[in-house]
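The chain contents come next:
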Amino acid sequence: MTRLGAWAALALLLPPAAADPVVYRLDPAHSFVHFEVLHFGTSTLRGRFGVPEGLVELDRAAGRGYAWVRIDTARVDTGLPAFDARLRQPDLLASDAHPQATFVASSFSFDGDQVRAVRGEFTLRGIGQGLELRALRFGCHRHPQLQREVCGGDFEGELRRADFGASFGMPFVANRVRLVLQVEGIRQ
Amino acid sequence: MHKLLAASALSLAIVLPAQANNYVIDPTHTFVIYEIGHFGTSTNRGRFDKKEGTVQFDRAARTGKVEIAFDLTAISTGVAPLDKHLQSADFFDTAKHPSAKFVGDRFVFNGDKVAEVGGTLTMLGKSLPVTLKANLFNCYMNPLVKREVCGGDFETTIKRSQWGMNWGLNMGVPDEVRLLIQVEAIKQ
């Protein structure tokens, strides 16, 4: 999706009159989606996706938020090129047919002005499923170089890859996938 | 030590033949990921992709020894300029110290599972004791290689300043670094 397309998608999600909305653009240098899946009941396989594009709007006064995040499935990075190539195949990430995965969320819960959880829809291999991301930590700081507010944190969530039709290798490689996200958004 | 020797002798007598089996680290299922806090907001992660090592492991005698070396020039954070900075003299100084090594010879068992491995981590030319705690440990017959594979998930938290890696401490970059270790080793 183009940058303009992303803004248009966000605009569609926004209610007409938000009280005090602040838009953050995710910083690709500090935003990653890591996945963890159990291998033969023995050790944890890990991999990551960069986040080339993501927009979050927070309206802390109204206790509302909206998020739109894109990852490029072909850019999966496990540290093993051969494994990355296997993951891109049609029975796993199906990167040729479905080059993008997206998370679109409009249900945020807050604890004071801290984001506690984000619920939305995760679309992978063209299949959308509900996904909740819980904050392990959340905070904001003033970035010394950018001289702008940066908000973000660590989030975790869980999905079952078979729900998205990516069931190759089960049960030796588990169905349950833990997602660990690092996100930082720069105030626009 | 006498007690341990006695116990080893006893297990030798009862479970014959009890000898250390040699395992070779499976580089495709062995990774170290570090985690370090970023401005108190989110967690930065990086991965070491090139490694080799061996394990001698005797479950009956409850002894073992692991030696594993990581090529620090193969650090991967997903952010190329950060990879470069980490290899500079500010951090790993890979021109002078291209690799890090862990030698673990203090295996602590819980039943027949490894619970802890104590040893020495050599980094930046300095060797200091570290203890890796097992979050998971298991052995299984791998159907692809048709051999026993043992491994698990380990973790430890170190203070990087102990190895002389001090960059950014005065700017609030944390001293504590959590290491997440996936390891699997194939019986020879």
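Residues numbered from 1 in each chain as written. Chains lettered and ligands numbered in written order. Predicted model: local features only at pLDDT ≥ 70, side-chain atom pairs only at ≥ 80, totals over all residues. Heavy atoms only, no water.

Asks: Honestly, the overall build of chain B in this entry has me stumped. Any pointers?
Replies: When helices and strands are tallied, chain B shows 2 helices and 9 strands. Each helix and strand of chain B, ordered N terminal to C terminal, gives the series α-β-β-β-β-α-β-β-β-β-β. In chain B, which comprises 188 residues, the share counted as buried stands at 47%. Here the contacts in chain B between residues at least 6 apart in sequence split such that 55% fall between residues at least 24 apart. Total accessible area computed for chain B in this model is approximately 9500 Å², and 58% of it derives from carbon and sulfur atoms. (Helix = DSSP H or I, 4+ residues; strand = E, 2+ residues; numbered from the N terminus. Buried < 20%, exposed > 50% of the residue type's maximum accessible area, 1.4 Å probe, protein only. Contact = heavy atoms within 4.5 Å. Areas by Shrake-Rupley, 256 points an atom, 1.4 Å probe, with all protein chains shown as cover.)

Asks: When you look at the overall build of chain A in this model, what are you seeing that I'm missing?
Replies: Helices and strands together make up the secondary structure of chain A, namely 2 helices and 10 strands. The order of α-helices and β-strands along chain A, N terminus first, is α-β-β-β-β-β-α-β-β-β-β-β. Buried positions account for 51% of the 188 residues belonging to chain A. Across chain A, the fraction of contacts at a sequence separation of at least 24, relative to all contacts at a separation of at least 6, is 57%.

Asks: I'm lost on the environment of Gln 182 of chain B in this one. Help?
Replies: Counting through the fold element by element, Gln 182 of chain B comes out in strand 9 (residues 176-187). Classification of Gln 182 of chain B by relative accessible area gives buried; the value is 2%. Remark: the alpha-carbon pair of Gln 182 of chain B and His 38 of chain B, spanning 144 residues in sequence, is separated by 23 Å. Discounting residues that sit within four places of it in the chain, Gln 182 of chain B has contacts with Ser 43, Thr 44, Leu 45 and Arg 46 of chain A together with His 29, Thr 30, Phe 31, Gly 152 and Asp 153 of chain B. Within the structure, Gln 182 of chain B has its side chain in polar contact with the side chain of Ser 43 of chain A (distance 2.9 Å). (Polar contact = N/O pair within 3.5 Å; in protein donor to acceptor, adjacent residues only side chain to side chain.)

Asks: For this particular structure, what's the right way to read the environment of Glu 116 of chain B?
Replies: All names here are of chain B. Among the secondary structure elements, Glu 116 is positioned in strand 6 (residues 113-123). Counting along the chain gives 15 residues from Glu 116 to Thr 131, while the straight-line C-alpha distance between them is 6.8 Å. Apart from residues lying up to four places away in sequence, Glu 116 is in contact with Arg 106, Phe 107, Val 108, Thr 131, Leu 132 and Lys 133. A polar atom in the side chain of Glu 116 sits 3.1 Å from the side chain of Lys 133.

Asks: Just to check I follow, could you spell out the side chain of Arg 125 of chain A for this structure?
Replies: All names here are of chain A. By the element assignment, Arg 125 lies in the loop between strand 7 (114-124) and strand 8 (127-143). Among buried Asp, Glu, Lys and Arg side chains, Arg 125 stands out as unpaired, with Asp 91 the closest opposite charge at 6.6 Å. Looking at Arg 125, its side chain comes within polar contact range of the main-chain oxygen of Pro 90, at 2.5 Å. Within the structure, the side chain of Arg 125 is placed 3.1 Å from the backbone oxygen of Gly 165, a separation counted as a polar contact. (Lys, Arg positive; Asp, Glu negative; His and termini not counted. Salt bridge = Lys/Arg side-chain N within 4 Å of Asp/Glu carboxyl O.)

Asks: What is the right way to look at the pattern of salt bridges in this model?
Replies: Counted according to the given criterion, the structure contains 28 salt bridges over all chains. Sharing partners across several salt bridges, the network here consists of Glu 36, Arg 46, Glu 156 and Arg 178 of chain A.

Asks: What is the right way to look at the packing of aromatic side chains in this model?
Replies: How two aromatic rings sit relative to each other is set out by the distance from centre to centre and by the angle between their planes. By the definition in use, this model includes 13 aromatic pairs over all chains. Taking 5.7 Å as the distance between ring centres and 70 degrees as the angle between the ring planes, the aromatic pair formed by Phe 122 of chain A and Phe 164 of chain A counts as edge-to-face. Here Phe 164 of chain A lies in the loop between strand 9 (148-160) and strand 10 (173-187) and Phe 122 of chain A lies in strand 7, a separation of 42 residues in the sequence. With a relative accessible area of 10%, Phe 122 of chain A lands in the buried category. Ring geometry for Phe 91 of chain B against Trp 167 of chain B: centres 5.3 Å apart, planes inclined by 55 degrees, an arrangement best described as tilted. Separated by 76 residues along the polypeptide, Phe 91 of chain B in the loop between helix 2 (80-87) and strand 5 (99-110) and Trp 167 of chain B in the loop between strand 8 (147-159) and strand 9 bring together distant segments of the chain. (Phe/Tyr/Trp six-rings, centres within 6.5 Å; stacked < 30°, edge-to-face > 60°.)

Asks: Whenever I open this one, the state of the cysteines confuses me. Can you help?
Replies: Disulfide: a covalent bond connecting the sulfur atoms of a pair of cysteines. What the rule picks out here adds up to 2 disulfides over all chains. Two residues, Cys 140 of chain A and Cys 151 of chain A, share a disulfide whose sulfurs are 2.1 Å apart. Looking along the S-S bond of the Cys 140 of chain A-Cys 151 of chain A disulfide, the torsion reads about 105 degrees, which is the right-handed sense. Taken together, the residues Cys 140 of chain A in strand 8 and Cys 151 of chain A in strand 9 connect sequence positions 11 residues apart. The class of Cys 140 of chain A is partly exposed, set by a relative accessible area of 32%. The side chain of Cys 139 of chain B participates in a disulfide bridge whose partner is Cys 150 of chain B; the two sulfur atoms lie 2.1 Å from each other. Taking the sign of the S-S torsion, 110 degrees for the link of Cys 139 of chain B and Cys 150 of chain B, the bridge is right-handed. In this pair, Cys 139 of chain B sits in strand 7 (residues 126-142) while Cys 150 of chain B sits in strand 8, placing the two residues 11 residues apart along the sequence. Exposure class is identical for Cys 139 of chain B and Cys 150 of chain B. Each is buried. (Disulfide = S-S within 2.5 Å.)

Asks: In this structure, what is going on with the pairing of strand 8 of chain A? I would like to understand it.
Replies: Consecutive side chains of a regular strand alternate in pointing toward one face of the sheet and then the other. Residues and elements named next belong to chain A. Note that strand 7 and strand 8 share 8 bridges and pair antiparallel. Among the inter-strand pairings, Val 118 is bridged to a residue of strand 8, identified as Leu 133. Between strand 7 and strand 8, which pair antiparallel in sequence order, lie 2 residues; one of them, Arg 125, sits at a positive phi of approximately 55 degrees. Examined bridge by bridge, strand 8 and strand 9 share 9 bridges and lie antiparallel to one another. Bridge pairing in strand 9 links Ala 135 to Phe 155. Connecting strand 8 to the antiparallel partner strand 9 that follows it, the hairpin turn spans 4 residues, and Gln 147 within it adopts a positive phi of roughly 55 degrees. (Pairing = 2+ DSSP bridges.)

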